[in-house]
Amino acid sequence: MFSGINYVYEVYRTQSFSKAAKNLYISQPSLSAMIKKIEAKVGAPLFDRSTNPIQLTEYGEQYIRIAEKIMDLEDEFAYYTDNLNELKTGHLSIGTTSFFASYILPKYISQFSAAYPHVKVNLYEADSQTLAQKASVNEVDMVIDNFHTSDDIYCHRVLMKEYLLLAVPASFPSNRRATRYQLTWEDVNLDTHLNPSFPGVPLEKFAEEPFVTLRLPNDTRKRMENICQNAGVKLNTILKLDQLLTTYHLTENGMGASFVSDTVVKKLSPNQNIIYYKLDDPNAVRNVTLYYRNHKYLTRSMSEFIKIVLANQ
């Protein structure tokens, strides 16, 4: 009854017979006949066809649970043979956000590909929640991100710490009230903000200025809200966006202040149009982690890539 496991799983994944048939390169009638044949062996329907999109029945949910275990075992054996072949074949899929894909990962992928040129590397860019979901169903092998995920579901390897800073257009008059707290691009690159003796700026000095922020559930937005709550400040938000780089560039062009990580500042060119400020709050510190699903078989491709990443820290 599990001989057509890939057919059942594709229907479950796409929630559609037509989409599944297209992805499997077979006709929809052929797929329907295959599913009915499997359901006959099971002795009960696996899908509730009266719903749109189609849903699993109780039998179907149990079938998928067992199917995923079978697929994991098949993957484990396939990866085992890859390991015996000393990575002369294989694959590695990595998920990350657009910023890390552009500024952090290229160096790691380049080193890995130079060492193991026959391993196919796929890079998947998405928002943090989508990446976590992709990792949970093994659609990516691992994820590099600064979004906090559950330790009960994922294994984590801390790669680095990053610190949130307040970025304010140099043209804003409020900067004149905070001269002793100001940081330049050079200061951030020298990690002046990490010096315990350097003061964090009181947020109330900028409470009247316009802010461009990220939308929930972005981790930076959550941390921004906690920082503001701890400071007893409500920001004057004029625009909510999806990408941290976009908020940074709007700050660069004088539209509003924003919260930015020191990783972003260090990876971009010097900018005289922005003044940076240290945020003296625990929420301003977060880990950038490499994570993958708990109990996932750690392939040699994954292990070697992790070694390269950790060696660069």
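Everything below is about the structure shown above.
Residues numbered from 1 in each chain as written. Predicted model: local features only at pLDDT ≥ 70, side-chain atom pairs only at ≥ 80, totals over all residues. Heavy atoms only, no water.

Peer 1: Hey, could you go over the packing of helix α2 (residues 17-24) against helix α3 (residues 28-42) for me, with residue numbers and the actual values?
Peer 2: Where α2 meets α3, the closest approach of the two axes is 9 Å, and the angle between their N-to-C directions is 105°. The angle between α2 and α3 places the two elements in the roughly perpendicular class. Here α2 contributes Phe17, Ser18, Ala20, Ala21 and Leu24 to the contact with α3, which in turn contributes Gln28, Leu31, Ser32 and Ile35. Tallied by class, residues from the contact of α2 with α3 come to 6 nonpolar, 3 polar and no charged. (Axes fitted to C-alpha atoms, helices over the stretch in contact; angles between N-to-C directions. Helix = DSSP H or I, 4+ residues; strand = E, 2+ residues; numbered from the N terminus. Parallel < 35°, antiparallel > 145°, perpendicular 65-115°, else oblique. Contact = heavy atoms within 4.5 Å. Nonpolar A, V, L, I, M, F, W, Y, C, P; charged D, E, K, R; others polar.)

Peer 1: Which residues make up the side chain of Asn271, and what values do they have?
Peer 2: In this fold, Asn271 is placed in the loop between α11 (262-267) and β11 (274-278). Given a relative accessible area of 6%, Asn271 falls into the buried group. In terms of polar contacts, Asn271 uses its side chain to reach the side chain of Glu252, at 2.4 Å. Within the local environment of Asn271, its side chain forms a polar contact with the backbone nitrogen of Asn273, the two atoms lying 2.7 Å apart. With near-sequence residues (within four places) excluded, Asn271 lies in contact with Trp185, Tyr248, Glu252 and Tyr276. (Buried < 20%, exposed > 50% of the residue type's maximum accessible area, 1.4 Å probe, protein only. Polar contact = N/O pair within 3.5 Å; in protein donor to acceptor, adjacent residues only side chain to side chain.)

Peer 1: Break down the packing of aromatic side chains for me, with residues and values.
Peer 2: This structure, assessed with the given rule, holds 9 aromatic pairs. When the centroid spacing of 6.0 Å and the interplanar angle of 70° are considered together, the rings of Phe17 and Phe47 count as edge-to-face. Of the two residues, Phe17 is situated in helix α2 and Phe47 in strand β1 (residues 47-48); the sequence distance between them amounts to 30 residues. Owing to a relative accessible area of 3%, Phe47 belongs among the buried residues under this scheme. (Phe/Tyr/Trp six-rings, centres within 6.5 Å; stacked < 30°, edge-to-face > 60°.)

Peer 1: Could you give an account of the nonpolar core, naming the residues involved and the relevant values?
Peer 2: The biggest cluster of nonpolar side chains holds 39 residues, and the ones touching the most others in it are Met142, Tyr276, Leu290 and Phe305. Beyond its immediate sequence surroundings of up to four residues, Phe305 is in contact with Leu92, Ile94, Leu105, Tyr108, Ile109, Phe112, Met142, Ile144 and Leu290. Within the second largest apolar cluster, 22 residues are counted, among which are Leu166, Val168, Phe206 and Ala207. (Core = buried A, V, L, I, M, F, W, Y, C linked by side-chain atoms within 4.5 Å.)

Peer 1: Provide a residue-level description of the environment of Val265, including the pertinent values.
Peer 2: Residue placement: Val265 occurs in helix α11. Between the C-alpha atoms of Val265 and Trp185, which are 80 residues apart in sequence, the distance is 7.1 Å. Look past the residues within four positions of Val265 in its chain and what remains in contact with it is Leu165, Trp185, Val188, Asn189, Tyr248, Val260 and Tyr276.

Peer 1: Before we move on, can you summarise unusual backbone geometry with the specific residues and values?
Peer 2: Look at the link from Asn52 to Pro53: it is a cis peptide, with omega at 5°. Along the polypeptide, Pro53 turns up in the loop between β1 and β2 (55-56). Notably, Gln15 is not glycine yet its phi reads approximately 55°, a positive angle. Within the secondary structure layout, Gln15 lies in the loop between α1 (5-14) and α2.

Peer 1: Give a detailed account of helix α12 (residues 300-311), specifying residues and quantitative values.
Peer 2: Helix length check: α12 (12 residues) gives 16 Å between terminal C-alpha atoms against 16 Å at 1.5 Å per residue, within 8%. Those residues of α12 not exposed but buried are Ser301, Met302, Glu304, Phe305, Ile306, Ile308 and Val309. (Expected span 1.5 Å × (residues − 1).)

Peer 1: Account for the environment of Ile64, with residues named and values stated.
Peer 2: Looking at the secondary structure, you find Ile64 in helix α4 (residues 58-84). Assessed through its relative accessible area of 4%, Ile64 is described here as buried. Linking Ile64 and His193, residues 129 residues apart in sequence, is a C-alpha distance of 50 Å.

Peer 1: Lay out the pattern of salt bridges in plain terms, naming residues and giving numbers.
Peer 2: By the definition in use, this model includes 13 salt bridges. Of the charged contacts, one joins Lys266 and Asp262 as a salt bridge, the two residues approaching to 4.0 Å between their closest N and O atoms. Remark: Asp262 and Lys266 occur in helix α11; sequence separation between them is 4 residues, near one turn of the helix. A relative accessible area of 3% means that Asp262 is categorised as buried. (Salt bridge = Lys/Arg side-chain N within 4 Å of Asp/Glu carboxyl O.)

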